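Given next are the chains, with one letter for each unit.
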Amino acid sequence: MTDTEIYGTDYSSDGFITSNGDIGLVTELANAEQAIRNRLLTRLGTYPTIDDEYGSNVHQALGEKINNSLISELRVYVENCMLEEPRVYGILDLDITTENHDTIHLQLQLQLVDGSEIGFEETLNTLG
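Heads up: these notes are all about the structure in this document.

### Focus on the overall build of the chain
Next up, step 1: For the chain, the helix and strand inventory stands at three helices and five strands.
Next up, step 2: The secondary structure elements of the chain, listed N-terminal to C-terminal, are α-β-β-α-α-β-β-β.
Next up, step 3: Scaling as 2.2 N^0.38, a compact globule of 128 residues should have a C-alpha radius of gyration of about 14 Å, and the chain matches this with 16 Å.
Next up, step 4: Its C-alpha atoms give the chain principal-axis dimensions of roughly 45 × 35 × 30 Å.
Next up, step 5: By residue count, 33% of the 128 residues in the chain fall in the buried class.
Next up, step 6: Of the contacts made within the chain by residues no fewer than 6 positions apart, 39% connect residues no fewer than 24 positions apart.
Next up, step 7: Total accessible area computed for the chain in this model is approximately 7,700 Å², and 46% of it derives from carbon and sulfur atoms.

### As for the side chain of glutamate 122
Next up, step 1: Residue position: glutamate 122 is located in strand E5 (residues 117–125).
Next up, step 2: A relative accessible area of 16% places glutamate 122 in the buried class.
Next up, step 3: At 2.2 Å, the side chain of glutamate 122 forms a polar contact with the side chain of arginine 37.
Next up, step 4: Other than its neighbours up to four places away in sequence, glutamate 122 contacts Arg37, Leu40, Leu41, Ile104, His105 and Leu106.

### Digging into the packing of helix H2 (residues 28–41) against helix H3 (residues 68–84)
Next up, step 1: In contact at an axis separation of 10 Å, H2 and H3 are set at 135° when each is read in the N-to-C sense. It follows that H2 is oblique to H3 by the angle criterion. Between H2 and H3 lies a crossing of right-handed hand. On the side of H2, the interface is formed by Ile36, Arg39 and Leu40, while H3 contributes Val78, Cys81, Met82 and Glu84.

### Things to note about unusual backbone geometry
Next up, step 1: Backbone geometry at glutamate 28 places phi at a positive 55°, although glycine is not the residue there.
Next up, step 2: Note on placement: glutamate 28 falls in helix H2.

### Brief notes about the nonpolar core
Next up, step 1: Counting residues in hydrophobic clusters, the biggest one holds 25 residues, and the most contacted among them are Ile36, Leu40, Val78, Met82, Ile104, Leu108 and Leu110.
Next up, step 2: Elements that contribute at least two residues to this core include exactly H2, H3, strand E3 (88–99), strand E4 (103–112) and E5.
Next up, step 3: Looking at this core element by element, the count peaks at seven residues for H3.
Next up, step 4: Contact partners of isoleucine 36, with chain neighbours within four places excluded, come to Met82, Glu85, Val88, Leu110, Leu112, Ile118 and Phe120.

### So, H3
Next up, step 1: The end-to-end C-alpha distance of H3, which contains 17 residues, comes to 25 Å, matching closely the 24 Å that a straight helix rising 1.5 Å per residue would cover.
Next up, step 2: Turning to H3, its buried residues are Leu70, Ile71, Leu74, Tyr77, Val78, Cys81 and Met82. Along the axis of H3, the buried residues cluster in a sector spanning 125°; they form a single face. Within H3, the exposed residues directed more than 90 degrees away from the buried face are Asn68 and Leu83.
Next up, step 3: In the core, the buried residues of H3 are packed alongside H2, E3 and E4.
Next up, step 4: With a side-chain oxygen positioned 3.1 Å from the backbone nitrogen of serine 69, the residue opening H3 is asparagine 67.

About the cut-offs
- Residues numbered from 1 in each chain as written.
- Predicted model: local features only at pLDDT ≥ 70, side-chain atom pairs only at ≥ 80, totals over all residues.
- Heavy atoms only, no water.
- Helix = DSSP H or I, 4+ residues; strand = E, 2+ residues; numbered from the N terminus.
- Rg over C-alpha atoms; globule rule 2.2 N^0.38 Å.
- Buried < 20%, exposed > 50% of the residue type's maximum accessible area, 1.4 Å probe, protein only.
- Contact = heavy atoms within 4.5 Å.
- Areas by Shrake-Rupley, 256 points an atom, 1.4 Å probe, with all protein chains shown as cover.
- Polar contact = N/O pair within 3.5 Å; in protein donor to acceptor, adjacent residues only side chain to side chain.
- Axes fitted to C-alpha atoms, helices over the stretch in contact; angles between N-to-C directions.
- Parallel < 35°, antiparallel > 145°, perpendicular 65-115°, else oblique.
- Left-handed = near helix turned anticlockwise from the far one by under 90°.
- Core = buried A, V, L, I, M, F, W, Y, C linked by side-chain atoms within 4.5 Å.
- Expected span 1.5 Å × (residues − 1).
- Arc of directions from axis to C-beta.

See below:
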């Protein structure tokens, strides 16, 4: 089975437009990373008619004071979200750090269903 068969092809969600003026496509591992990031950053329940389990509760951190309780909640939100993602086999590492009083950095290292590993980072501003 090829990476394209495992991870699929989808429209680019970063605004990439081809030289022909078409919406760009992402495939293989790039599509897996995009799909994981999109799921993580989409509010849980945004698409109830398609999949009411799609998304995460990470947005609930916005506007909250950063403390150990919030970091623990974020860890649960991210872990639950990744367990719902069919391309993810497991979480190898999840690191949540803070900067100032309003910025949270998420670093994820994931094992995908074919054994591949990907890592990515997201920065969240809790002030919204």
